Every structure is written in structure tokens, then in C-alpha cells.
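Observations on the three-dimensional arrangement
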Amino acid sequence: KVLQSFEDKFAKLIDLTNTATEGSNRIKTIVQDLRLFSRLDDEQQEKITLATIIKSTIHLVKTQFHDIDINIDIISDPLIKAFPAKLSQVFMNIIVNASQAIQTRKLIDEQLIGSINISLLEKNNYVYIEFNDNGCGMDDVTLKKVFDPFFTTKDVGDGTGLGMAISFGIIEEHGGIIEINSKINEGSSLKIKLPI
């Protein structure tokens, strides 16, 4: 009985230690991702690959939207010259908007399994980043205004309407193009094309 009691206590202690270790590792990952996301560029461009930035952004978004499947398919990940923190901001805006669109659709369809699929590939000296979600989608009027400053579909106090306008400016600053296609209750597809 004494030995069994000790074994039970140690089993609980080991379980608690494993939980604490797992929590510590998650905190470490979040802090590393936040450091990468919030790093000041000092307006210095760097040679970077995009997969690391996208993965860090996904980790950060998953802390808030943990019930959404976010997948990344890296077909190729070439070096490009860019401002890493600015591109982090673009990817954060896109993935958070997609996650919020999924949550909006879930209010109508509770059975919906939310998913965001991201692909990264190189073609004709450009890198293409595509984001596809199965959120609530946008009508044609919203689609035409999505990059306008201060335009938002969110409730008052929930959004500034600057995220996509800023993202558009950052992609233009990198010599790139950003395009969106969307259908109500089917989702949205956003494509970014950046020169290598």
C-alpha cells in the first residue's frame, strides 16, 4: 500500500512536470514568434525566405484561433530582398481576417471545420503566396472596397479598417501585387506576387 501510494504520487508529479514543460515550450515558441513579428527593421531590407515568417505568424494566430486548421504547403521558398517585420504584418492581417471570416460563417454553420490553406511557390522569377479560407466570403461591393483606408465590415470598436490598406501599401513597396477573389458563404482567395 505504501509503495502504491508513492507510485501514485510520483505519477501525478511526473504528469504535472510534463504539463509544465509543455507549457514552458509553448511560451518559448510564442515569445520567439513575437520577437520576430515585432522586430524593428530600421528600414533595412534583408535577404530572407518567407516560410519562416509565415510559420511564426501562424503560431501567433493559433494562440487566439486554436480551432481553425491552418496549413502551409511550401513548394519552393526562394530568397527575396524584403522588410521582414512589414511582411509579418501583412501575413498577420490576412490570416487574422480569414480566421474572423471563418468565425462569422460558423455562427450560421456550427458544423463548419474552419481551414486556411497557404501555398508558397516560385514561378518566373516571382514568389507567389496564396491564402485560401472557407470563411463567410465577401460580396462584390465589399470586394471593391477591401483595400480602401478606414473601410471595415467589423462592428464599431472591433476594427480600424486599416489592416488591408496598410498591407496593400507594404506589398506595393516591395514591388509586388496583391489580389483577392471571394464568394459569399464559400470563402476567399488572396494571392500575393513578390519579385525575387
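A brief structural summary. Computed from a predicted structure; not experimentally measured.

Concerning unusual backbone geometry
In this model, Asn124 sits at a positive phi of 50°, which is unusual for a non-glycine residue. Here Asn124 lies in the loop between β4 (115-123) and β5 (126-133). The backbone of Asn125 sits at a positive phi, close to 65°, despite the residue not being glycine. Tracing the sequence through the fold places Asn125 in the loop between β4 and β5.

Details of a nonpolar patch on the surface
Among the surface-exposed residues, Val2, Phe6, Phe10, Leu13 and Ile14 lie close enough to one another that they form a single nonpolar patch of about 530 Å² accessible area. Of note, Ile14 is situated in helix α1 (residues 2-38).

Some remarks on the side chain of Lys86
Its location among the elements puts Lys86 in helix α3 (residues 84-108). A residue is classified by how much of its surface remains accessible, and Lys86, at 18% relative accessible area, is buried. Within polar-contact distance, the side chain of Lys86 engages the side chain of Glu173 at 3.0 Å.

Quick word on the sheet that holds strand β6 (residues 177-183)
Spatially, the five strands line up as an open sheet ordered β2-β4-β5-β7-β6, and their pairing is mixed. Only two strands of the sheet have a single neighbouring strand rather than two, namely β2 (69-74) and β6. Taken over all neighbouring pairs, the strand axes of this sheet differ in orientation by 15° on average, direction set aside. As paired strands, β6 and strand β7 (residues 187-195) are joined by seven bridges and run antiparallel to one another. Bridge pairing in β7 places Lys183 opposite Gly187. In the packing of helix α2 (residues 50-62) onto the sheet, the strands contacted are β2, β4, β5 and β7, and the crossing angle to β2 comes to about 175°. Each of β2, β4, β5, β6 and β7 touches α3; the most contacted strand, β4, lies at about 145° to it.

Observations concerning the pairing of β4
As defined by bridge partners, β2 adjoins β4 across six bridges and the pair is classed as parallel. Looking at β4, one finds that Asn71 is bridged to Asn117. Bridge count between β4 and β5: eight bridges; the pairing is antiparallel. Bridging across to β5, Asn117 finds its partner in Asn132. Counted between consecutive antiparallel strands, the loop separating β4 from β5 contains two residues, among which Asn124 sits at a positive phi close to 50°.

Thresholds, definitions, all that
- What you see as residue numbers is a count from 1 along each chain, following the sequence as written.
- Since the coordinates come from a predicted model, pLDDT governs what is reported: local features require at least 70, and pairs of side-chain atoms require 80 or more to be given and counted, while whole-chain, interface and lining totals use all residues.
- The side-chain figures draw on all heavy atoms in the structure; neither hydrogens nor water molecules are used.
- Strands are runs of DSSP state E lasting at least 2 residues, helices are runs of H or I lasting at least 4, and numbering of each runs from the N terminus.
- Without a salt bridge and with relative accessible area above 30%, a residue can belong to a patch; like charges are then joined within 9 Å and nonpolar side chains (Val, Leu, Ile, Met, Phe, Trp, Tyr) within 5 Å.
- Here the Shrake-Rupley method, with its probe set to 1.4 Å, supplies the accessible areas, and only the displayed protein chains count as covering residues.
- For salt bridges, the criterion is a side-chain nitrogen of Lys or Arg within 4 Å of an Asp or Glu carboxyl oxygen.
- Each residue gets one of three labels from its accessible area relative to the maximum for its type: buried under 20%, exposed over 50%, partly exposed in between, using a 1.4 Å probe on protein chains only.
- For this analysis, a polar contact is any N or O atom pair within 3.5 Å, provided that within protein one partner can donate a hydrogen and the other can accept it, and provided that sequence-adjacent residues contribute only side-chain to side-chain pairs.
- Here a strand pair is declared whenever DSSP counts at least two bridges between the two strands.
- Lines fitted to C-alpha atoms define the axes, with helix axes restricted to the stretch in contact, and inter-axis angles between N-to-C directions lie between 0 and 180 degrees.
- By the convention used here, residues are in contact when the closest approach between their heavy atoms is within 4.5 Å.

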